[in-house]
Amino acid sequence: MSNFSNHNFKGEKALVRVDFNVPLDENFHITDDNRMTATIPTIKKILNDGGSAILMSHFGRPKDGPTDKYSLKHLVKHLNELLGADTKVFFANDCIGEQAYLTASMLRSGEVLLLENLRFYKEEEKGDEAFAEKLSKLGDVYVNDAFGTAHRAHASTAVIAKYFEADKKMFGLLMESEVKSAEKVLHESEKPFCAIIGGAKVSDKILIIENLLERATDIIIGGGMAYTFLKARGGKIGNSLCEDDRLETALEILEKAKQKNVSIHLPEDSVIADKFAADANTEICSSDAIPDGWMGLDIGPKAVGVFSEVINKSKTILWNGPMGVFEMEKFQNGTKTIALAVAESTSNGAFSLVGGGDSVAAVNKFDLADKVSYVSTGGGAMLEYFEGKVLPGIAAIKG
Ligand code: AMP
């Protein structure tokens, strides 16, 4: 693989896989452009070098070929605003085929071409080789800047790489920093290494916890998933979230942690509610003595104290999943104080990585995104990376 920052794109057409899968409202207005802004530095470096950029992306989940709703044409205007009015941005209403090739071949240095949605072809998600090869003909060099889809072995994210020589394929700046941060946490973590795992379901997080048992010093478990562990240990959890078919697994994880000398921290107390609603009545209660009819919707003050102490003494922190139903004000305190503890520990020198949809939403909600070391843009990809899986999008470039 080549190094993006050292590569000179002068005179080259760079075929860049971006993740422009942004949310739109019913009038086709972008409601959150983070995925687009995150990749702008990569595009600008190519243009500033004197190259041109051909951008390809998936967009939504179109079922049967081209549909207006899933056309990337709705993004052209905003892309042009982000790149600056003096940058020419063209659109091809197909990602392969004559018009795409013709526009790509006429592209001049400093210009950008956005191709139509890759998923208008079923071949994209199937990882079809002939389709990948057709795409590869559009550019001289392949840049993958779509970390969010790095866990998929699709034509444009992985298969395509084999049609480029080693010095003509590379990660873009966004992908590079995602991979660097993830590797730093998983393979070069300074100890103590604390993983904070929360969210609703144990079943979604079993693989990540098992992999972290090999690496972390402490694992904090909060959110709805904590109650399956608490019940497995013999606690009374009332109507709290519980996956009864995972009680055995929860016990095995607790046992394994003991053998490996990893401290698992469960919330000693909880904010309990008499219904799952923003206006519920609430109480503070020991997490293993929750009355019937009540449910734990946030970690309690004692848990916040213990968890914050663990976070404060850590040198590496990985956070995935909220500590409670942080979308409702009455149950946001746990997630908010843990976010503050992560920010404080970071300011004292720890390296902190926040990854996974809801924890990212939480640090954004509490305005703390710039107070942690790295906020990952790749929810599913980041999760699979920390489960110890090889991500096809990374492997295809690294070779
Ligand atoms: P996940 O997608 O698995 O990370 O779960 C995130 C969701 O879990 C958020 O929408 C939270 O509201 C929810 N959640 C967190 N804690 C609890 C809890 N104690 N009970 C029910 N839902 C929870």
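What counts and how
- Residues numbered from 1 in each chain as written.
- Predicted model: local features only at pLDDT ≥ 70, side-chain atom pairs only at ≥ 80, totals over all residues.
- Heavy atoms only, no water.
- Near = heavy atom within 4 Å.
- Polar contact = N/O pair within 3.5 Å; in protein donor to acceptor, adjacent residues only side chain to side chain.
- Areas by Shrake-Rupley, 256 points an atom, 1.4 Å probe, with all protein chains shown as cover.
- Nonpolar A, V, L, I, M, F, W, Y, C, P; charged D, E, K, R; others polar.
- Domains from an automatic or database assignment.
- Contact = heavy atoms within 4.5 Å.
- Buried area = accessible area lost by both parts, 1.4 Å probe.
- Salt bridge = Lys/Arg side-chain N within 4 Å of Asp/Glu carboxyl O.
- Core = buried A, V, L, I, M, F, W, Y, C linked by side-chain atoms within 4.5 Å.
- Buried < 20%, exposed > 50% of the residue type's maximum accessible area, 1.4 Å probe, protein only.

Turning to the site of the ligand, a few remarks are in order. In the region of the ligand, 16 residues are neighbours, and Ala200, Gly224, Gly296, Glu327 and Asp358 sit closest. In the environment of the ligand, an oxygen atom lies 3.0 Å from a nitrogen or oxygen atom belonging to the backbone of Ala200. The side chain of Lys205 places a nitrogen or oxygen atom 3.3 Å from an oxygen atom of the ligand. In isolation the ligand has 510 Å² of accessible area, and contact with the protein removes 80% of it. Taken together, the residues of the shell around the ligand break down into seven nonpolar, five polar and four charged.

Let's shift gears to the domain arrangement of the protein. When cut into domains, the protein gives domain 1 (3-177) and domain 2 (189-386). Distance from the C-alpha centre of domain 1 to the C-alpha centre of domain 2: 36 Å. Domain 1 puts six residues into the contact, and the matching count from domain 2 is eight residues. In this assembly, domain 1 packs against domain 2 so that about 640 Å² is buried in total across both faces, 64% of it on carbon and sulfur atoms. Taken together, domain 1 and domain 2 are joined by zero salt bridges. Our count for the contact surface shared by domain 1 and domain 2 stands at one residue pair in polar contact (both at pLDDT 80 or more). The class makeup of the residues in the side of domain 1 that touches domain 2 is three nonpolar, three polar and no charged.

The next subject is the nonpolar core. One finds Leu115, Phe229 and Phe386 to be the most contacted residues of the largest nonpolar core, which totals 73 residues. Here this core spans two domains, since at least three of its residues come from each of domain 1 (3-177) and domain 2 (189-386). Beyond its immediate stretch of four places on either side in the chain, Phe229 contacts Val202, Ile209, Ile221, Ala250, Ile253, Leu254 and Leu266.

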